[in-house]
Structures are given as structure tokens and as C-alpha cells.
Amino acid sequence: MSENSAAPGTPPATAPGPQPEPIRFFGTTWVGRDGGYGLRRAGVAVGSLAAAVAACLVLRLAYEGLEIAEAGSFVGILVIAMFSVCSAIAFRKTWEGFGARPKDPDREDALRGLKSIGFIGSLLAYFVRSLTEAPGEKLRRTEYETARAQFEKRRSTRTGNPAARGTSGRKRPKRG
């Protein structure tokens, strides 16, 4: 195998310093926006919108099943309200997740069931975000650039021979 067999946008394994965190469907192509980044973004946008439309069709079939079963209008209203509220909450939480890490991971775990019920909201948030950038790119770019800057700062302060540096500008007395 050649040494260029790595996925596009993947940094070399021996690169010093912090490595970028991969994003689902994008890997690390978001760093340089290369390796088919634009096509991947378009594919993610189309795919998430198509999945949301398909999910709406499935929910419509389920609602028609409730009508055929003559479950009553109250049950139908409850189902519509439940999916609407859960989708709105899932959209908001997914959107917030693109901009900041969760402050309370336990609470996010507790909301996982609610977000899975409102999966259409998550898909729509993914679609809207992928129109401007890879979902979560801004957060990861900020974290990566901060880590790189800290690494370069630490690295630049360590270079050179520490014994040759004079801190106060005066000569040390010779031991005799």
C-alpha cells in the first residue's frame, strides 16, 4: 500500500500536536474544506431532508391507522401534539449541540428518548445546519484552533537551551 492511502482530509498519523475531531459523514475534511467537502455537505442536506420527508410519510400512515381503528379524535390530537412538541424540543437540543458541548451530559442522556421520538426535528436541524456548514463544524473548529494555538505557545516556550537563557540579565558567579 502507498502512504497516500489514507482518507482525504485525514491528517498524517505522525503530525505533532492536537488532531482535529472527525465529524460524522465528513471525517476531518472540514479542516481544509477539501476532499469533497462541498459534495458531502450537499449530500447530507439532501439526505437529511429526504429522511425527514420519509419519516413524515410514515407518521401520516400511522395517523391513518389510528383513524381506521377509530381510536377517536382525542387520541389523534394527543399523537399530533406529542410528535410536534418532541420534534420542537429535539430540533432545539440538536441545534444547541452544534454550537456548544452539553453542560450536563446526564440531562442529555435523559432527553435521548424524547429526542428519538422527535427525530424529525433532529433531521430538520441537521438539514438547516448543513446548508451553511458541516453540522458541528464551528464548535470543533474553535476547539481545534484553540488547542493548536495552546500547543504552539507551549512548544515555542520550550525551544532552545534553557541553560543558555539568562533571566535577570546578570552573569552568574563562577564556582571556583
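Keep in mind that what you see is a predicted model, and the values were worked out from it rather than measured.

> In this structure, what is going on with the nonpolar core? I would like to understand it.
Most often, soluble globular proteins keep nonpolar side chains buried together rather than apart. I23, F26, W30, Y37, V44, F98, A125, Y126, A134 and Y144 together form the largest nonpolar core, which totals ten residues. The set of elements that each furnish at least two residues to this core consists of α1 (37-68) and α5 (119-130). Residues within four places of I23 in sequence aside, it is in contact with W30, A134, P135, G136, E137 and R140.

> Hey, could you run me through helix α2 (residues 73-99) in this one?
An α-helical turn contains 3.6 residues, so a residue and the one three or four places further along point in the same direction. Over its 27 residues, α2 extends 40 Å from the first C-alpha to the last, a length consistent with the 39 Å expected when each residue adds 1.5 Å. Listing the buried residues of α2 in full gives G76, C86, S87, A90, K93, T94 and F98.

> Before we go on, may I ask you to explain the UniProt feature "transmembrane region" (unreviewed entry) in the chain in this structure?
Feature annotation in UniProt places "transmembrane region" (unreviewed entry) on residues 42-62 and 74-91, given in this structure's numbering. Counted over residues 42-62, helix gives 100% and strand 0%. Its end C-alpha atoms are 30 Å apart. Taken end to end, residues 74-91 is 100% helix and 0% strand, and its two terminal C-alpha atoms sit 26 Å from one another.

> Just checking my understanding: could you explain the packing of α2 against α5 for this structure?
Where α2 meets α5, the closest approach of the two axes is 7 Å, and the angle between their N-to-C directions is 40 degrees. Here α5 runs oblique to α2, going by the angle between their axes. Regarding α2 and α5, the two cross each other, and that crossing is right-handed. Judged by residue contacts, S87, A90, F91, T94, W95, F98 and G99 of α2 engage I120, G121, S122, L124, A125, Y126, V128 and R129 from α5. A breakdown of the residues in the contact of α2 with α5 according to their chemical character gives nine nonpolar, five polar and one charged.

> I'm lost on the environment of G99 in this one. Help?
Positionally, G99 belongs in helix α2. Overall, G99 belongs to the partly exposed group, its relative accessible area being 49%. When the C-alpha atoms of G99 and G136 are compared, they prove to be 6.6 Å apart, with 37 residues separating the residues in sequence. Filtering out sequence-adjacent residues up to four positions away, G99 remains in contact with R129 and L139.

> Is there a simple way to explain the confidence of the model for the chain in this structure?
In low-pLDDT regions, the fine details of the predicted coordinates are not to be read closely. Per-residue confidence for the chain gives a mean pLDDT of 85, with 81% of residues at or over 70. Taken element by element, the chain is modelled with least confidence in helix α6 (residues 137-158), mean pLDDT 87, and with most confidence in α5, mean pLDDT 95. This model gives residues 1-6 a pLDDT under 50, and the stretch forms zero contacts once residues within four places in sequence are excluded.

> In this structure, what is going on with the packing of α1 against α2? I would like to understand it.
Each pair of packed helices can be described by the angle between their axes along with the distance between the axes. It is at 10 Å that the axes of α1 and α2 come closest, and there the two elements cross at 160 degrees. The angle between α1 and α2 falls in the class roughly antiparallel. In the packing of α1 onto α2, the handedness of the crossing is right-handed. Contacts from L59, Y63 and L66 of α1 reach α2 at V75, G76, V79, I80 and F83.

> Looking at this structure, how should I read the packing of aromatic side chains?
Aromatic ring pairs are described here by two measures, namely the spacing of the ring centres and the angle between the planes. This model, assessed by the stated rule, comprises six aromatic pairs. When the ring of F91 is compared with that of W95, the centres are 5.9 Å apart and the planes differ by 10 degrees; the resulting orientation is stacked. Of the two residues, F91 and W95 both sit in helix α2, four residues apart, roughly one turn of that helix. With centroids separated by 6.3 Å and ring planes inclined at 70 degrees, the aromatic side chains of W95 and F98 adopt a geometry described as edge-to-face. Of the two residues, W95 and F98 are both situated in helix α2; the distance of three residues between them amounts to about one turn of the helix.

> Even after reading the chapter, I still don't get α1, so can you show me in this structure?
With 32 residues, α1 extends 46 Å from end C-alpha to end C-alpha; this agrees with the ideal 46 Å at 1.5 Å per step. Burial in α1 covers these residues: Y37, R41, V44, A45, S48, A52 and A55. Once α1 ends, the next one or two residues include E70, with phi positive near 55 degrees.

About the thresholds
Residues numbered from 1 in each chain as written. Predicted model: local features only at pLDDT ≥ 70, side-chain atom pairs only at ≥ 80, totals over all residues. Heavy atoms only, no water. Core = buried A, V, L, I, M, F, W, Y, C linked by side-chain atoms within 4.5 Å. Buried < 20%, exposed > 50% of the residue type's maximum accessible area, 1.4 Å probe, protein only. Helix = DSSP H or I, 4+ residues; strand = E, 2+ residues; numbered from the N terminus. Contact = heavy atoms within 4.5 Å. Expected span 1.5 Å × (residues − 1). UniProt positions renumbered as here; feature names shortened; annotations may be inferred. Axes fitted to C-alpha atoms, helices over the stretch in contact; angles between N-to-C directions. Parallel < 35°, antiparallel > 145°, perpendicular 65-115°, else oblique. Left-handed = near helix turned anticlockwise from the far one by under 90°. Nonpolar A, V, L, I, M, F, W, Y, C, P; charged D, E, K, R; others polar. pLDDT = per-residue confidence, 0-100. Phe/Tyr/Trp six-rings, centres within 6.5 Å; stacked < 30°, edge-to-face > 60°.

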